[in-house]
Number of protein chains: 6
Amino acid sequence: MFTVTVRDHLMIAHSLSGDAFGPAQRLHGATYLVDATFHRPELNGDNVVVDMALAAQEVRGIVADLSYRNLDEEPGFAGVNTTTEFLAKVVADRLADRIRDGALGPGAHGLTALTVRLHESHVAWADHHRPL
Amino acid sequence: MFTVTVRDHLMIAHSLSGDAFGPAQRLHGATYLVDATFHRPELNGDNVVVDMALAAQEVRGIVADLSYRNLDEEPGFAGVNTTTEFLAKVVADRLADRIRDGALGPGAHGLTALTVRLHESHVAWADHHRPL
Amino acid sequence: MFTVTVRDHLMIAHSLSGDAFGPAQRLHGATYLVDATFHRPELNGDNVVVDMALAAQEVRGIVADLSYRNLDEEPGFAGVNTTTEFLAKVVADRLADRIRDGALGPGAHGLTALTVRLHESHVAWADHHRPL
Amino acid sequence: MFTVTVRDHLMIAHSLSGDAFGPAQRLHGATYLVDATFHRPELNGDNVVVDMALAAQEVRGIVADLSYRNLDEEPGFAGVNTTTEFLAKVVADRLADRIRDGALGPGAHGLTALTVRLHESHVAWADHHRPL
Amino acid sequence: MFTVTVRDHLMIAHSLSGDAFGPAQRLHGATYLVDATFHRPELNGDNVVVDMALAAQEVRGIVADLSYRNLDEEPGFAGVNTTTEFLAKVVADRLADRIRDGALGPGAHGLTALTVRLHESHVAWADHHRPL
Amino acid sequence: MFTVTVRDHLMIAHSLSGDAFGPAQRLHGATYLVDATFHRPELNGDNVVVDMALAAQEVRGIVADLSYRNLDEEPGFAGVNTTTEFLAKVVADRLADRIRDGALGPGAHGLTALTVRLHESHVAWADHHRPL
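Residues numbered from 1 in each chain as written. Chains lettered and ligands numbered in written order. Predicted model: local features only at pLDDT ≥ 70, side-chain atom pairs only at ≥ 80, totals over all residues. Heavy atoms only, no water.

Brief notes about the relation of the copies chain C and chain A
Superposing chain C onto chain A takes a rotation of 180 degrees combined with a translation of 0.0 Å along the rotation axis, leaving an RMSD of 0.0 Å. Expressed as an axis order, the relation between the two copies is that of a two-fold axis. Comparing interface residues between copies, 100% of those in chain C also lie at the interface in chain A; the contact surface is shared. (Least-squares fit on C-alpha atoms with pLDDT ≥ 70 in both. Contact = heavy atoms within 4.5 Å.)

What follows is the structure, given as structure tokens:
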């Protein structure tokens, strides 16, 4: 099994609903380091898991769409707790959609799974892993 | 599948028995960075894997119990090689006990596994993974 | 010359005014890693620059006061661009005030300067350095 | 399940063939951080996954054989794209050979798998995972 | 005193002349993480040291010009040992030229010095510091 | 001004005397990451600050002498608080002695200062800076 990972980051504002979140119920924000990992049982003809430049570009696009926003006011997230875990899933699902739409080229056919890790600080991070 | 990880650290003295340990047979010590990872197939109603503040607090408690000690003199570790691997298991097992005792709240019901990574330096670390 | 540094972090929302900030003019947020460095020409009688536990506790207090807030709505920052550089100065100045008020104990008399570094991501950070 | 990881690094020159590699088709180079992870279901009698000093020494040997070379001129890699993914496999396979030859001692009998991660920069890395 | 730092990276091939370089006399390569630090006594009207987006863009341009090349064949480096230290100076000097030419805007007038750090691995790095 | 830094690490046991140290008054231990920085106004004929391989080897020797020991029982440290700050000075002074004795070769003549940073964890570190 092989994987390739590319790192990017995004910066957003949001608040979280529920007593469990304590002071994070107030409007605040985060820098998320985003590690997107592509899984594949065997390398393709170029000896890669995926075209890393294309992969980085697609991650960049997804991250840019989310960046510099107040997620509390995004219609797509209305009534949703935009936790680190949830946002890892959002990035992974959007990336899966772009792969299915061919954005990573025909060489991406062999990809079998994605893992997206979001680091919210140097002491806390969350992963979402999903098949393709 | 989702995971959340929180990082803490502990500092201890110990020695290791067996020729394979070379100079580490002498009394020495280590700072261990502790990464505790909680696994769960689906997010709970708050859109989280676990209450991260509670999780960090329980890890803190376990780490504090071990910290600033000479493990060679701890009755619970008599005759035991307190290697990095072994201590990863100690932290994971104590954390599993606290979860079973409800310390992470009812929302922790859905947790299915734990991984504990202990970094002994910037060039060496060990993991223990166990079901819950 | 000796220094000691302790690291903490804070998470805030804010927006920045001025064309130069591009999309960061929108309400967004950041996780800042905070590295507070204490300078002293010679060690004190305990062979330390400063009581590190007290230092970490005071940094924690300053960071907690700023955390989980929308800085755009803080009266103390009205009309101010709360850039990374500016916030590094805020943390340094508040820390200097606490040192002058004795919060780090009599052993902190010999401190001569502070440096505060705020990392806004893995690829960007800012420092403020000031005498005491 | 337990793992132990040791980190080393290597520096090489190479070029990559295929339009997908863009400017990396030119002769260039890389520093690869190498993380070699040893998997084992249970600890051995010394409470370790593997003799970490021996493991680090074998990784060092494999890394030294590859280091400070132009991989384009290595007969063993003729006509091969020496991508990060491919080199992760090279390191893993060579390590597996050494383990099978007894280089990590009889205590290495219980190892069941290897993962080798090569970081090509702070924003990109690749893994290869294989059974033993 | 304030500073702002932006990080980027470059990948090159080269060889180093002189017995002191041992195996690095052979053609090999490196990934350099590049940390460019801008110094300024006081913040400008936007409360920044420099327009960070412009700064990152100029560093990107300088890094791209050097990237994916065999430095042994670059006419500008003929007969020169392109050590980490030397390359730190190259990046700093090119950045100083761009600042002098106005690439960072009028707001960059107040910059007084640059530091460029190149990391050649996780265990070795070099800095060059120069006035503006 | 140029600098070069090499990183190594050491693992020791010790205890610290004085109420200010709280639980660290008990016998415990630490892993210290050691960053040794060599300063020089101009590069030498090889375009380096110092022979990095020799520098790493001397740092290795100093670190090995301190490693895997209980510092409380080292005659040279009798009655001394072996704090992170103090140990940074020990490493720096020993390195200065070796440089004066010619261990880094004639090319080290031009070195003007040393900085030694010891990281005791991911959230705390200390520096000592001294002239040569």
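Now that the structure is up, let's keep going.
As for the relation of the copies chain F and chain E
By a simple turn and slide, chain F fits onto chain E: the slide is 0.0 Å along the axis, the RMSD is 0.0 Å, and the turn is 120 degrees. Classification of the inter-copy transformation places it as that of a three-fold axis. Taking the C-alpha atom as reference, chain F places histidine 122 of chain F closest to the rotation axis, 8.6 Å from it.

A few points about the interface of chain C and chain A
Each partner contributes residues to the interface: chain C has 23 residues there, and chain A has 23 residues. Taking both partners together, chain C and chain A bury about 1900 Å²; carbon and sulfur atoms supply 64% of that area. Applying the counting criterion to the chain C and chain A interface returns eleven residue pairs in polar contact (both at pLDDT 80 or more). Listed by contribution, the elements that provide at least two residues to the side of chain C that touches chain A are strand 1 (2-14), strand 2 (28-40), strand 3 (69-70) and strand 4 (113-121) of chain C. When residues in the side of chain C that touches chain A are grouped by element, the largest group, six residues, is from strand 1 of chain C. (Buried area = accessible area lost by both parts, 1.4 Å probe. Polar contact = N/O pair within 3.5 Å; in protein donor to acceptor, adjacent residues only side chain to side chain. Helix = DSSP H or I, 4+ residues; strand = E, 2+ residues; numbered from the N terminus.)

Here's the deal with unusual backbone geometry
Residue and element names in this part refer to chain A. Of note, the phi angle at tyrosine 68 is positive, near 55 degrees, even though the residue is not glycine. Position of tyrosine 68 relative to the elements: it lies in the loop between helix 1 (52-66) and strand 3 (69-70). Classification of tyrosine 68 by relative accessible area gives partly exposed; the value is 23%. (Buried < 20%, exposed > 50% of the residue type's maximum accessible area, 1.4 Å probe, protein only.)

Things to note about the side chain of aspartate 8 of chain A
Residue position: aspartate 8 of chain A is located in strand 1 (residues 2-14). For aspartate 8 of chain A, a relative accessible area of 13% translates into the label buried. Within the structure, aspartate 8 of chain A has its side chain in polar contact with the side chain of arginine 60 of chain A (distance 2.7 Å). Excluding residues within four positions of it along the chain, aspartate 8 of chain A makes contact with Tyr32, Leu33, Val34, Val59, Arg60 and Val63 of chain A together with His122 of chain C.

So, the interface of chain F and chain E
Contact with chain F, which involves 16 residues of that partner, is made by 18 residues of chain E. Here chain F and chain E share an interface that buries about 1400 Å² over both sides, 52% of which is from carbon and sulfur atoms. Counting every contact that joins chain F to chain E gives zero salt bridges. For the pair chain F and chain E, the number of links is nine residue pairs in polar contact (both at pLDDT 80 or more). (Salt bridge = Lys/Arg side-chain N within 4 Å of Asp/Glu carboxyl O.)

Re the arrangement of the chains
The least C-alpha distance between chain A and chain E, which are not in contact, is 12 Å. With no contact between them, chain D and chain F keep their nearest C-alpha atoms 12 Å apart.

Some details on the environment of valine 63 of chain B
Residues and elements named next belong to chain B. Relative to the elements of secondary structure, valine 63 occurs in helix 1 (residues 52-66). Expressed as a C-alpha distance, the spacing of valine 63 and histidine 9, which sit 54 residues apart in the sequence, is 6.9 Å. Look past the residues within four positions of valine 63 in its chain and what remains in contact with it is Asp8, His9, Leu10 and Val34.

Some thoughts on the packing of aromatic side chains
Residues and elements named next belong to chain E. Evaluation of the coordinates by the stated rule reveals six aromatic pairs over all chains. Relative to phenylalanine 86, the ring of phenylalanine 77 lies with its centre 5.8 Å away and its plane at 85 degrees, an arrangement referred to as edge-to-face. The class of phenylalanine 86 is buried, set by a relative accessible area of 17%. (Phe/Tyr/Trp six-rings, centres within 6.5 Å; stacked < 30°, edge-to-face > 60°.)

Here's the deal with the pattern of salt bridges
All names here are of chain D. With the rule as written, the count across this model stands at 54 salt bridges over all chains. For arginine 98, the salt bridge identified is with glutamate 58, shortest N-O distance 3.1 Å. Highlighted residues: arginine 98 in helix 2 (residues 84-100) and glutamate 58 in helix 1 (residues 52-66), separated in sequence by 40 residues. Here arginine 98 falls in the partly exposed class, since its relative accessible area comes to 26%. Residue glutamate 58 is classed as buried on the basis of its relative accessible area of 11%. Close ionic contact of arginine 100 with aspartate 97 constitutes a salt bridge, the shortest N to O distance being 3.1 Å. In this pair, arginine 100 and aspartate 97 both sit in helix 2, three residues apart, roughly one turn of the helix. Take arginine 100: its relative accessible area is 63%, and that puts it in the exposed class.

Points about the confidence of the model for chain A
Residues with a pLDDT of 70 or more make up 100% of chain A, whose mean pLDDT is 97. Predicted complex metrics record ipTM = 0.96 and pTM = 0.97. (pLDDT = per-residue confidence, 0-100.)

A closer look at the packing of helix 1 (residues 52-66) of chain E against helix 2 (residues 84-100) of chain E
Any two packed helices are characterised by how steeply their axes cross, that is the angle between the axes, and by the distance between the axes. Residues and elements named next belong to chain E. Interaxial distance between helix 1 and helix 2 falls to 10 Å at its minimum, and their mutual angle equals 130 degrees. One finds that helix 1 runs oblique with respect to helix 2. Of the two possible hands of crossing, helix 1 and helix 2 adopt the one that is right-handed. Contact residues: helix 1 offers Glu58, Val59, Gly61, Ile62, Asp65 and Leu66, while helix 2 offers Val90, Val91, Arg94, Leu95 and Arg98. In the contact of helix 1 with helix 2, the residues fall into six nonpolar, one polar and four charged. (Axes fitted to C-alpha atoms, helices over the stretch in contact; angles between N-to-C directions. Parallel < 35°, antiparallel > 145°, perpendicular 65-115°, else oblique. Left-handed = near helix turned anticlockwise from the far one by under 90°. Nonpolar A, V, L, I, M, F, W, Y, C, P; charged D, E, K, R; others polar.)

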